[in-house]
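Now for the letters of each chain:
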Protein chains: 2
Amino acid sequence: MRRFRTIGDGSGFGRDDTLYPEELQLALRNRGMPLEGLRYPITPTGIHYLLVHYDIPEIDASAWRLTVSGLVTTPLSLTLDDIRKRPRRTLAVTMECAGNGRALSSPRRISQPWLVEAIGTAEWTGMPLKGVLEEAGLARAAIEVIFTGRDEGVEGNVVQRYQRSLAVSEALRDEVLLAYEMNGQPIEPQHGFPLRLVVPGWYGMTSVKWLDRIDATAEPFQGYQMTRVYRYARSEEESGEPVTLIRVRALMIPPGIPDFMTRTRLVRAGRVILSGRAWAGRLAVARVEVSADGGATWSDARFGDPVSPHAWNEWIFEWNARPGSYTLCVRATDSSGNVQPAEQEWNFGGYGNNSVQRVDAIVE
Amino acid sequence: MRRFRTIGDGSGFGRDDTLYPEELQLALRNRGMPLEGLRYPITPTGIHYLLVHYDIPEIDASAWRLTVSGLVTTPLSLTLDDIRKRPRRTLAVTMECAGNGRALSSPRRISQPWLVEAIGTAEWTGMPLKGVLEEAGLARAAIEVIFTGRDEGVEGNVVQRYQRSLAVSEALRDEVLLAYEMNGQPIEPQHGFPLRLVVPGWYGMTSVKWLDRIDATAEPFQGYQMTRVYRYARSEEESGEPVTLIRVRALMIPPGIPDFMTRTRLVRAGRVILSGRAWAGRLAVARVEVSADGGATWSDARFGDPVSPHAWNEWIFEWNARPGSYTLCVRATDSSGNVQPAEQEWNFGGYGNNSVQRVDAIVE
């Protein structure tokens, strides 16, 4: 068996006050959205969050084909032009990494060490997946659809291409796209050129990039990314529950100006408009509240103009800032009554963290 | 005096084996280029490196003006349309952060913790700065030109807008641009919309983003970004020498496929094409050498097609890979005979690091 470097003490977890060089290496490859980016209803492409498990693959679009096979009546092999000629839809979709907030959990699983910035909203243009599946004709026995990306690497010592599956009922939802444009341009290589799956409401691991194969199957798919990771579990041995839809969350544009190194905010005393965005996967955001005292007391924010049914909502709150030191917080409640927790319930992989954001500010 | 959080032991330096949460916070806001991005002669916008000292400012382009004042005959106030109507040039320019490699120096200054990925090459379109300065008419007494960005924050406890200066002789060079397009599109907000200075050959701190003011002056500018940081010095007290042109460097596209967490490469035995890019600021790259034994022995690489006089060169090397563990290295020599060092000469701020890249690979 090949041996990769051991990180830290070999437990797979890091000490709270230090980060390992391997985590830094991932943080510098992958990309968070600077939080002032919350001001844009549609995130500029270059600041949308990005997580790449392996490498960005090199794909020659003219040689590339999308294969649709497995339990279908008519297997398909489609060129990019074939796909672009079919009916298209454009949807604004908020996407978040399932590991967002991982570096805030304790103990922290050693992996991509997100704080809160693994988010973004883009306008994706593509062909509804449903159209392709209907064209191929799903067999009655098909219960899942497997999506395979072109990216290849090693994870947990398993050589693999990135693969995820969806239940047929999810795959046939109207809003699921095979996207070839992001924000009105061909998708940039790092976001999945020439084609990616976009599944609104689900954490980002579902929206398979560099897609080149779709297979219908009669069995639940047992791939690494379905069974070994992206599970809510208490240990590596426990199988737990799959990570699926995005949990409710609100984030704030840090007000005032930042200190370069600590990112503590310096705010001028007086009337300060606090604002940001909130989202809740497939649910609606029912309420957003703001606290200027670290979560001891809360006041309701109001909503701004909606962006789209699959994208975040703007929220706005007027704060009368007096000189002093503050910890600003924001929390959202979804339409099922779930509210963001002050402290995250711990899970092994550091998934689905939606604990309340805290922003340190000095008012002068 | 306002107090920001103390990081680590307060020395301003970090232990070799651990990163501080504040460094992670910066690493997640700022953005490196994943090294497989070296395959593109022109870096896709969304993976070009990005360093933002404070916040990305919100700028209404219709209200924005470029002011040209100080020691000039005719002070100017230009709209974006005014600038777009003037003669334009497009240049492919390789840009690198002066702090690239900082996290590899020992002890490591606590700041943006780059490894080797703070690089990118974009096509910048804009008006030559020289044209604007000639239009305004520089006074004879002018020796420097000061560039002020719209971004504001605190650094070293000093509230400031980002400002850098250039000697008049540098400012009047033909290749210095006031750029409003990057890769054929209006510059995205994070890269300096609506206008940024682009100074080919210099480290990136010189290419002031969100530019809205140019002042000619008879005195050397004493701003924070000129005198307190971006200096080659051995201590905080020593004034040292200014950081200016980009030093010679080569980087390699890591071959094979990566292990997710360690990024160690898994390579199939046989003939492997190693390739990447090399650059040397205002100088030419004279030589690129590759080592498969951690720098013990070196062989010459050949050059690919040139991209542009201000951009990196491709290099290519054929490696006969036999099963085993390797540390692959690449180093470049510039036209003045400077060669990349195996170990960096230390400086206080962690600037100008161009030590040889090391890529761990397992051949099977």
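Given the structure is predicted, the values throughout are model-derived calculations rather than measurements.

Let us now look at the overall build of chain A. Of regular secondary structure, chain A possesses five helices and 24 strands. Over its C-alpha trace chain A gives a radius of gyration of 21 Å, about what one expects of a compact globule, namely 21 Å for 364 residues. Overall, chain A is about 70 × 50 × 35 Å in size when its C-alpha atoms are taken along their principal axes. When contacts within chain A are restricted to residue pairs at least 6 apart in sequence, long-range pairs at least 24 apart make up 72% of them.

Opposite the 54 residues of chain A that make contact, chain B presents 53 residues. Listed by contribution, the elements that provide at least two residues to the side of chain A that touches chain B are helix H1 (21–29), strand E7 (144–155) and strand E16 (257–258) of chain A. When the residues that make up the side of chain A that touches chain B are grouped by side-chain class, the tally is 26 nonpolar, twelve polar and 16 charged.

What follows deals with the environment of A:Tyr232. All names here are of chain A. Tracing the backbone through its elements, the reader meets Tyr232 in strand E13 (residues 231–232). The exposure class of Tyr232 is partly exposed, given the 17 C-beta atoms found within 10 Å. Separated by 90 residues in sequence, Tyr232 and Ala142 place their C-alpha atoms 26 Å apart. Apart from the residues lying within four places of it in its own chain, the contact partners of Tyr232 are Gly240, Glu241, Val243, Asn347, Tyr351 and Gly352.

Relative orientation of the contacting elements H1(A) and helix H1 (residues 21–29) of chain B amounts to 25 degrees, with a least axis distance of 7 Å. It follows from the interaxial angle that H1(A) and H1(B) lie roughly parallel. When you trace H1(A) past H1(B), the crossing you get is right-handed. The segment H1(A) lies against H1(B), with A:Leu24, A:Ala27 and A:Leu28 engaging B:Leu24, B:Ala27 and B:Leu28.

Another aspect to go through is the relation of the copies chain A and chain B. Superposition record for chain A on chain B: RMSD 0.0 Å, screw rotation 180 degrees, translation along axis 0.0 Å. What we have between these two chains is a two-fold relation. By C-alpha distance to the rotation axis, the residue of chain A lying nearest is A:Gly46, at 1.9 Å.

Moving on, we get to the pairing of strand E6 (residues 119–128) of chain B. All names here are of chain B. Among the ten residues of E6, ten are classified as buried, and the element is accordingly described as predominantly covered. For strand E4 (residues 89–96) and E6, the ladder comprises eight bridges, and the chain directions are antiparallel. Paired with Val93 across the strands is Ala122, a residue of E6.

Our focus in this paragraph is the environment of A:Leu66. Residues and elements named next belong to chain A. Tracing the backbone through its elements, the reader meets Leu66 in strand E2 (residues 66–70). You can call Leu66 buried: it has 20 C-beta atoms within 10 Å. Distance in space between the C-alpha atoms of Leu66 and Val272 is 51 Å, their sequence separation being 206 residues.

Now for the domain arrangement of chain A. Residue and element names in this part refer to chain A. Segmentation of chain A into domains returns domain 1 (13–23 + 41–242) and domain 2 (249–363). Relative to domain 2, the C-alpha centre of domain 1 lies at a distance of 28 Å. Counting residues at the interface gives 28 residues for domain 1, matched by 21 residues for domain 2. Contributing elements (two or more residues each) for the side of domain 1 that touches domain 2: strand E4 (89–96), strand E5 (108–109) and E13. Among the elements that make up the side of domain 1 that touches domain 2, the one with the highest residue count is E4 (four residues). Taken together, the residues of the side of domain 1 that touches domain 2 break down into twelve nonpolar, nine polar and seven charged.

Our focus in this paragraph is helix H3 (residues 129–136) of chain B. Because an α-helix packs 3.6 residues into every turn, residues spaced three or four apart end up facing the same way. Residues and elements named next belong to chain B. Of the residues making up H3, those classed as buried are Leu129, Val132, Leu133 and Ala136. Within H3, the buried residues cover an arc of 95 degrees as seen down the axis, which keeps them to one side. Tucked inside the fold, the buried residues of H3 contact strand E2 (66–70), strand E3 (76–78), E6, helix H4 (168–171), strand E9 (177–182) and strand E11 (196–198). Taken from the residues just after H3, Gly137 is the one with a positive phi, measuring 75 degrees.

In this section: the sheet that holds strand E15 (residues 249–252) of chain B. All names here are of chain B. Across the sheet, which stays open at both edges, the four strands sit in the order E15-E18-E22-E21 with antiparallel pairing between neighbours. Taken across any chain shown, the strands that pair with only one partner, and hence form the sheet edges, are E15 and strand E21 (302–306). Pairs of neighbouring strands in the sheet enclose a mean axial angle of 30 degrees, with direction left out of account. Bridge analysis of E15 against strand E18 (residues 270–279) gives four bridges, and the strand direction is antiparallel. Bridging across to E18, Ala250 finds its partner in Ala278.

Moving on, we get to the sheet that holds strand E12 (residues 211–217) of chain A. Residues and elements named next belong to chain A. In spatial order, the strands read E3-E2-E12-E7-E8; together these five strands make up an open sheet with mixed pairing. Looking at the sheet topology across the chains shown, the edges are occupied by strand E3 (76–78) and strand E8 (158–167). Across the sheet, the axes of successive neighbouring strands diverge by a mean angle of 25 degrees, strand direction being ignored. In terms of strand pairing, E2 meets E12 through four bridges, oriented parallel.

Formed by 204 residues in total, the largest nonpolar core has its most connected members in A:Leu177, A:Ala179, B:Leu177 and B:Ala179. Setting aside chain neighbours within four positions, we find B:Ala179 in contact with B:Trp124, B:Thr125, B:Gly126, B:Ile187, B:Leu195, B:Arg196 and B:Val198.

As a further point, take unusual backbone geometry. Residues A:Phe193 and A:Pro194 are joined by a peptide bond in cis, for which omega reads 5 degrees. Among the structural elements, A:Pro194 can be located in the loop between strand E10 (185–186) and strand E11 (196–198). Residue B:Pro107 is bonded to the preceding B:Ser106 through a cis peptide linkage, with omega at -5 degrees. Mapped onto the elements of the fold, B:Pro107 is located in the loop between E4 and strand E5 (108–109). Backbone geometry at A:Asn157 places phi at a positive 65 degrees, although glycine is not the residue there. With respect to the helices and strands, the residue A:Asn157 is situated in the loop between E7 and E8. On the basis of neighbour count, A:Asn157 is assigned to the exposed category, with 10 C-beta atoms found within 10 Å. Here A:Asn183, not a glycine, exhibits a phi torsion of approximately 55 degrees, which is positive. For A:Asn183, the position within the fold is in the loop between strand E9 (177–182) and E10.

Rules behind the numbers
Residues numbered from 1 in each chain as written. Chains lettered and ligands numbered in written order. Predicted model: local features only at pLDDT ≥ 70, side-chain atom pairs only at ≥ 80, totals over all residues. Helix = DSSP H or I, 4+ residues; strand = E, 2+ residues; numbered from the N terminus. Rg over C-alpha atoms; globule rule 2.2 N^0.38 Å. Contact = placed C-beta atoms within 7 Å. Nonpolar A, V, L, I, M, F, W, Y, C, P; charged D, E, K, R; others polar. Buried ≥ 20, exposed ≤ 12 C-beta atoms within 10 Å, placed from the backbone. Axes fitted to C-alpha atoms, helices over the stretch in contact; angles between N-to-C directions. Parallel < 35°, antiparallel > 145°, perpendicular 65-115°, else oblique. Left-handed = near helix turned anticlockwise from the far one by under 90°. Least-squares fit on C-alpha atoms with pLDDT ≥ 70 in both. Pairing = 2+ DSSP bridges. Domains from an automatic or database assignment. Arc of directions from axis to C-beta. Core = buried A, V, L, I, M, F, W, Y, C linked by C-beta atoms within 7 Å.

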